[in-house]
Structure formats: C-alpha cells, structure tokens
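Given next are the chains, with one letter for each unit.
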Amino acid sequence: MMTKFNKTLLAAAVTLASTQSMAAGFQLNSQSATGIGRAMAGDAIIADNASVLSRNPAAMALFDEKALSIGASYADVQVEVTDVQYGDNHIGSMDNAAEAKFIPNFYYISPINDTWAYGVAAFSNYGTGTDLSSLNSGHDFNTPIDLLGNTEVTTINFNASVSYRINDSLSLGLGLDAVYGSGTLTRNGNIDIGLGDMPLNLVDVEADGWAVGGIVGLAYEFNENNRIGLSYRYSPQMEASGDIMYNPSVLLPQNFDSIEIPIADIAQLAGFHQLTDKFAIHYTAQWTQWSSFDNISVVDGDLGTANDVIKHYNWKDSWFLSLGATYDINETWTVRAGIASDQGVVGEVSSLSIPDSDRMWYSAGFTYNLTNKSSIDFGYTLVAGEKVHVLEDSALVGQVSAYTESGANYFSLQYNHTF
C-alpha cells in the first residue's frame, strides 16, 4: 500500500507539462490566426505569411521578400468535471476547471538569395492550466487530494531555421528548437486519520528548464497552383528543475533536483491547391507520437532516492485531420474556413487532471489587406469535445469516478508585413 501511495502522490505531476489544452494530449494547435481560421489545414505549405515557419522550415523557400508576422491567440477553455465520487461519497462537480490563456507568437523570414533563406520564430506547442482543488473543500469525508489540485504551465519554443531550394520544385528545410518550460503544481489538503483532520502537502512543484529539439521539412511544388509539404519535429525530453517536493511516506517529504517529462514527436503532411483565381482548398494530416509519453520521473532526491517513476501512461499515437478552403473576395478581403477531427490519446490509463477525448474543430477567419505590404488576420475556432467517463485510482480513497467534457473558443489576431 505504501509503495502504491508513494507513486500515486505525484501521479498528477505529469501536468507540469501537460494540462488540459485544446488538442490531443496536451498539444496546442494555435500558432497563427490564419491557422485558427482554417482549422490548421495546409499550414505547413500555404505560406501566405511568415507563420508557416512553425510548421515547415522548407516553406521559407516560397518567399521572395522578407516577411514578418506577430500575433496572439486567446483560448477560452472550458473543462467540466462532473459527478466526482468514490463509493457512496459524492465529491461534486465543477463547471469550469480551466483558465483562459493568451498564446503569443512571432515569426520572421528573410531570403538570402534565390537558393537560401533563414527565419526565426517564437511560439508555443504545449501548455495551459487546470485547477481542481476546490473539489476538496466542504466535505465531512476524505477527498482524493492526490488527484485534485492546481496546475499552471507555460512553454515557449524559440526556433531558428534555414531553407535550401534544390530546384524549381523541391526545397528542404532544417530548424533548431530551444524549448523553455515552466510550471507550478500543488496537491494538498486535509485528511482524517481518526484523530481529527491532518493537513498534508503531498506535492509542491515550481520548476523550469530548457530542452533542445529540431525540425526537418520538405516543400514540393508541382506548379504554381499546387504544392505539398512534409515535416517532422523531434520533441525533446523536458527536464525541469527548481523546488520539486513530494511526500513519499506521508510524514517525510522529499526534495528532488529535477522532473523528467517526455514530449511527443510530430509529423505532418499538408497540401495546397489553387483551383480557380479566387478559390483554393488545403488539408493537413498530422501524426503525434504520444506512445512515447510513457513515464514521468523525478531525479536525485535529498533522502537518497536516485530516480523514481511516478506515473506510467499507456497513451496512443493520434491523428489530427483537417480540411479547409480559402476564397479571395477582392484585393482587400480574403475569407477562409475549415473543419478538423482531433483524435484523443488516452488508452487504458485515464486521468482527472488530463481530461482528454476526441474533438471536432469548426473554424472561420478572414484577412484584411491594409496595403499591398501589410495585412491583418482574424481567426475563430470552436472546439467541441466528447463527454467521457474517467476512472482513476487514488492512494487515499480508492477508485474515483467522474465525467469530463472539454471544449474551447479560440480567438486569434495577427499582423503581417512584407518588406
């Protein structure tokens, strides 16, 4: 029982890098306003602004002048957790367990000559926040405080890339990612041990760290109206350090030097086809290797523990499939729309702190050209998730049952300039 307790106390510590976000697992698909407005369809090859750098460095070869894009997305996330209970004890429900987030981005692309181009970018691929701690209050029985708590996460991807045009059709790209992650995690509350309530601080984490990854890409132009893009992003294992404490034996809290969290690789295929002078279609098939997200570990404890696996996840690889269309009304206005199917990743192991499910995306947006060198993009996406039944074991109270349902409204604004 004590071994199980030790490992379960930090089960939710995975959320240091994986709180509820609006793509499968804890992935964000919100790198641009144009992407938000077309359900990310074709984003690795359309290259209508510099934000293509977040998806495929090879697409920089499509630019013949310098390009700048600056924007932000506002994610109004809704996570409902209902009918939380164990045995005959009803813990309650929460209408909204997630916080809304601003997600900024920056992209700059500069052609060097007809063959080479380079670019720099800053954007986010992962992170958001949930808070389930209020479910622990107002009860005359013990609650699963090891499963219910507060989490805050921020990740920033700093990218530097180059592209090389081999010929009129084929271009290659290579990029380096420096990923910064920071997070706060708490799991605490009171338990009745027969002599009255005893406060327990089970988890208290405030940590940050850096990791290095990379991306390779390909762009192939069949002709001026038809092209496809391929990319593969290697995502590093995040190692965060700072104040990392968990209570391995209830009475003896232990501090660790770092916590290790594997992040999933991402591969995608995107296509763009200009069917008429005004109308184009585009699509994306994105595969994320969530099966690599297996264990969360803490390293170098001050009581002699070298390494400890705190939680094992049996997640599945997932697919994000999207289809979109763009229509140029005139030289000033362009409208776009898209739809996407986002596959959930949870397999045999489910979690209250990561309420994942299959989702549908419904997107629309527009571009307003201020001048022939500058424009403003707006995008909106409604994300609708399925209601799922969650069963999770607590070391304090046994098996906990709940229902979770997640969704979001994405609003995104972006300024683009070429020079």
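In this text, all values refer to a predicted model and were calculated from it rather than measured experimentally. (Residues numbered from 1 in each chain as written. Predicted model: local features only at pLDDT ≥ 70, side-chain atom pairs only at ≥ 80, totals over all residues. Heavy atoms only, no water.)

**Looking at the overall build of the protein chain**
When its secondary structure is counted, the protein chain shows 2 helices and 21 strands. Counting only residues that meet the buried cut, the protein chain has 55% of its 419 residues in that class. At a minimum sequence separation of 6, the contacts of the protein chain that also span at least 24 residues come to 70%. When the accessible surface of the protein chain is totalled, it reaches about 16700 Å², and 55% of it is carbon and sulfur. Here the protein chain contributes 17 positively and 46 negatively charged side chains, and the mean placements of these two sets differ by 8 Å. (Helix = DSSP H or I, 4+ residues; strand = E, 2+ residues; numbered from the N terminus. Buried < 20%, exposed > 50% of the residue type's maximum accessible area, 1.4 Å probe, protein only. Contact = heavy atoms within 4.5 Å. Areas by Shrake-Rupley, 256 points an atom, 1.4 Å probe, with all protein chains shown as cover. Lys, Arg positive; Asp, Glu negative; His and termini not counted. Charge placed at Lys NZ, Arg CZ, Asp CG, Glu CD.)

**Quick look at the side chain of Gln414**
Looking at the secondary structure, you find Gln414 in strand E21 (residues 398–418). Only 3.3 Å separates the side chain of Gln414 from the side chain of Asn49, close enough to count as a polar contact. Sequence-distant contacts of Gln414, defined by excluding residues within four places in its chain, comprise Ser32, Ala33, Thr34, Asn49, Ser51, Ser69, Ile70, Gly71, Asn105, Ser375, Ile376 and Asp377. (Polar contact = N/O pair within 3.5 Å; in protein donor to acceptor, adjacent residues only side chain to side chain.)

**Some words on the nonpolar core**
Counting residues in hydrophobic clusters, the biggest one holds 30 residues, and the most contacted among them are Val81, Val84, Leu132, Leu352, Trp361, Val400 and Tyr410. Of all the elements in the fold, those that place two or more residues in this core are strand E1 (67–86), strand E2 (89–94) and E21. Ranked by residue count, the leading element in this core is E1, at 6 residues. Formed by 28 residues, the second largest nonpolar core is a distinct cluster that contains Ile145, Ile191, Val203 and Val205. (Core = buried A, V, L, I, M, F, W, Y, C linked by side-chain atoms within 4.5 Å.)

**A look at the confidence of the model for the protein chain**
Averaged over every residue, the pLDDT of the protein chain is 86; residues scoring 70 or more account for 90%. Overall, residues 1–21 carries pLDDT values under 50, and its contacts beyond four positions in sequence, including any with other chains, amount to 86 contacts. (pLDDT = per-residue confidence, 0-100.)

**Side note on the environment of Gly138**
Tracing the backbone shows Gly138 in the loop between strand E5 (129–131) and strand E6 (150–165). Sequence-wise, Gly138 and Ile91 are 47 residues apart; in three dimensions their C-alpha atoms are separated by 9.0 Å.

**Here we look at the pairing of E2**
Here E1 runs beside E2; their pairing, made up of 4 bridges, is antiparallel. Residue pairing for E2: Val84 is matched across the bridge by Gly92. A loop of 2 residues connects E1 with E2, the two strands running antiparallel in sequence, and Gly87 in this loop sits at a positive phi of about 60°. (Pairing = 2+ DSSP bridges.)

**Looking at the environment of Asn157**
With respect to the helices and strands, the residue Asn157 is situated in strand E6. Along the sequence, Asn157 and Ala122 sit 35 residues apart, while their C-alpha atoms lie 5.5 Å from each other. When residues no more than four places from it in sequence are discounted, the contact partners of Asn157 are Ala121, Ala122, Phe123, Asn125, Asp177, Ala178, Val179 and Arg233.

**Some words on a negative patch on the surface**
A contiguous patch of negative charge, built from Asp204, Glu206, Asp208 and Asp243, is present on the exposed surface. Counting residues per element, the negative patch draws most heavily on strand E8 (residues 197–223), which supplies 3 residues. Residue placement: Asp204 occurs in strand E8. (Patch = residues over 30% accessible without salt bridge, like charges linked within 9 Å, V, L, I, M, F, W, Y side chains within 5 Å. Salt bridge = Lys/Arg side-chain N within 4 Å of Asp/Glu carboxyl O.)

**Observations concerning unusual backbone geometry**
Negative phi is the rule for most residues except glycine; trans is the rule for most peptide bonds. Of note, Met40 is a non-glycine position whose phi angle comes to about 60°, a positive value. Here Asp83, not a glycine, exhibits a phi torsion of approximately 55°, which is positive. Overall, Asp83 belongs to the partly exposed group, its relative accessible area being 42%.

**Regarding the pairing of E6**
Note that strand E4 (residues 116–123) and E6 share 8 bridges and pair antiparallel. By the bridge assignment for E6, Gly119 is matched with Ser161. Alignment of E5 against E6, held across 3 bridges, turns out to be antiparallel. In the strand pairing of E6, Asp131 is matched with Asn150. Pairing geometry for E6 and strand E7 (residues 170–192), over 16 bridges, is antiparallel. Its bridge partner lying in E7, Arg165 is registered against Ser171. Connecting the antiparallel pair E6 and E7 is a turn made up of 4 residues.

**Some remarks on the pattern of salt bridges**
Per the stated rule, a full pass over the model turns up 5 salt bridges. Between Arg38 and Asp43 there is a salt bridge, and its shortest N-O distance comes to 2.7 Å. Taken together, the shared-partner salt bridges in this structure form one network comprising Arg38, Asp43 and Asp48.

**Structural notes on the environment of Ala160**
Tracing the chain through its elements places Ala160 in strand E6. By relative accessible area, which is 42% here, Ala160 ends up partly exposed. When the C-alpha atoms of Ala160 and Ser363 are compared, they prove to be 29 Å apart, with 203 residues separating the residues in sequence.

**Points about the packing of aromatic side chains**
Under the counting rule described, the total for this entry stands at 16 aromatic pairs. Aromatic side chains Tyr180 and Trp210 sit 5.1 Å apart centroid to centroid with 50° between the ring planes, which places their arrangement in the tilted category. One end of the pair, Tyr180, is in strand E7; the other, Trp210, is in strand E8, with 30 residues separating them in the sequence. Residue classification places Tyr180 among the partly exposed residues on the basis of a relative accessible area of 21%. Seen from their ring centres, Trp290 and Trp315 are 5.5 Å apart, and the 75° between their planes marks the pair as edge-to-face. One end of the pair, Trp290, is in the loop between strand E13 (279–288) and strand E14 (295–301); the other, Trp315, is in the loop between strand E15 (307–312) and strand E16 (318–328), with 25 residues separating them in the sequence. Taking the relative accessible area as the measure of exposure, Trp315 reaches 4% and is therefore buried. By the ring-pair criterion, three or more aromatic residues cluster together here, those being Trp333, Phe366, Tyr368 and Phe378. Across from the ring centre of Tyr403, 5.6 Å away, lies the NZ or CZ of Lys387, which sits over that ring. (Phe/Tyr/Trp six-rings, centres within 6.5 Å; stacked < 30°, edge-to-face > 60°. Lys NZ or Arg CZ within 6 Å of the ring centre and 35° of its normal.)

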